[in-house]
Amino acid sequence: MRGLYQFNHQETLQDRLVIVLLDEMNLARVEYYFSEFLSKLETRRSQDTYLDIDVGSIPLPDEERRVKIPEQFLLVGTMNEDETT
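Being a predicted model, the structure only gives us computed values, none of them experimental. (Residues numbered from 1 in each chain as written. Predicted model: local features only at pLDDT ≥ 70, side-chain atom pairs only at ≥ 80, totals over all residues. Heavy atoms only, no water.)

What follows covers the overall build of the protein. Assigned secondary structure in the protein consists of 3 helices and 4 strands. In the protein, the succession of helices and strands from N to C terminus is α-β-α-α-β-β-β. The C-alpha radius of gyration computed for the protein amounts to 15 Å, which surpasses the reference 12 Å derived for 85 residues by more than 25%, pointing to a less compact arrangement than a globule. If you line up the protein on its principal axes, its C-alpha atoms span 50 × 30 × 25 Å. Counting across all 85 residues of the protein, residues that qualify as buried make up 21%. Pairs at least 24 residues apart make up 65% of the contacts formed inside the protein by residues separated by at least 6 positions. One way to put it: in the protein the 9 positive side-chain charges average out to a point 4 Å from where the 17 negative ones average out. (Helix = DSSP H or I, 4+ residues; strand = E, 2+ residues; numbered from the N terminus. Rg over C-alpha atoms; globule rule 2.2 N^0.38 Å. Buried < 20%, exposed > 50% of the residue type's maximum accessible area, 1.4 Å probe, protein only. Contact = heavy atoms within 4.5 Å. Lys, Arg positive; Asp, Glu negative; His and termini not counted. Charge placed at Lys NZ, Arg CZ, Asp CG, Glu CD.)

Scanning the entire structure with this criterion turns up 2 salt bridges. One salt bridge in this structure joins Arg66 and Asp52, with 3.8 Å as the shortest N-O distance. Note that Arg66 is positioned in strand β3 (residues 66-68) and Asp52 in strand β2 (residues 50-52), a separation of 14 residues in sequence. (Salt bridge = Lys/Arg side-chain N within 4 Å of Asp/Glu carboxyl O.)

Before going further, it helps to examine the packing of aromatic side chains. Per the counting criterion, the structure on display carries 1 aromatic pair. Geometrically, the ring pair formed by Phe7 and Phe73 is edge-to-face, given 5.5 Å between the ring centres and 85° between the ring planes. Note that Phe7 is positioned in helix α1 (residues 2-9) and Phe73 in strand β4 (residues 73-77), a separation of 66 residues in sequence. As far as the burial class goes, Phe7 and Phe73 line up, both buried. Across the ring face of Tyr50, the terminal group of Arg66 is positioned such that the distance to the ring centre comes to 4.3 Å. (Phe/Tyr/Trp six-rings, centres within 6.5 Å; stacked < 30°, edge-to-face > 60°. Lys NZ or Arg CZ within 6 Å of the ring centre and 35° of its normal.)

Put simply, the largest pocket is a space of about 180 Å³. In terms of lining, the largest pocket is formed by Met1, Gly3, Leu4, Val20, Leu22, Phe34, Phe37, Ile69, Phe73 and Leu75. Secondary structure elements with two or more residues in the lining of the largest pocket: α1, β1 (18-22) and β4. In terms of residue class, the lining of the largest pocket is built from 9 nonpolar, 1 polar and no charged. (1 Å grid on protein atoms, 1.4 Å probe; cavity = no way out; pocket = protein on both sides within 12 Å on 5 of 7 lines; lining within 4 Å. Points joined across faces, edges and corners; volume = space filled by probe spheres on them. Nonpolar A, V, L, I, M, F, W, Y, C, P; charged D, E, K, R; others polar.)

The biggest cluster of nonpolar side chains holds 13 residues, and the ones touching the most others in it are Leu4, Phe37, Leu51, Ile53 and Ile69. Only α1 and α3 (35-43) provide two or more residues apiece to this core. If we skip the residues at most four places from it in the chain, Leu51 touches Met1, Leu4, Phe37, Lys40, Arg65, Arg66, Val67 and Ile69. (Core = buried A, V, L, I, M, F, W, Y, C linked by side-chain atoms within 4.5 Å.)

Okay, structure coming up:
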């Protein structure tokens, strides 16, 4: 989330490609904690997609609580294929 926020609010990062590696995704229950984000990534193909972040009591304007998932953010997940799965 920090990377998404910085990417959206710092012009110096706009020309960069960001790769987020999610290691061993099949060893965790991704559908429990990541399903909303994965759904938003699927809609990103056809329209701008935003995440609403919860910052608790931190004073942050409403317009900054909504963070765009830019096309320059690529998410890659790995999985194990051995006896641990």
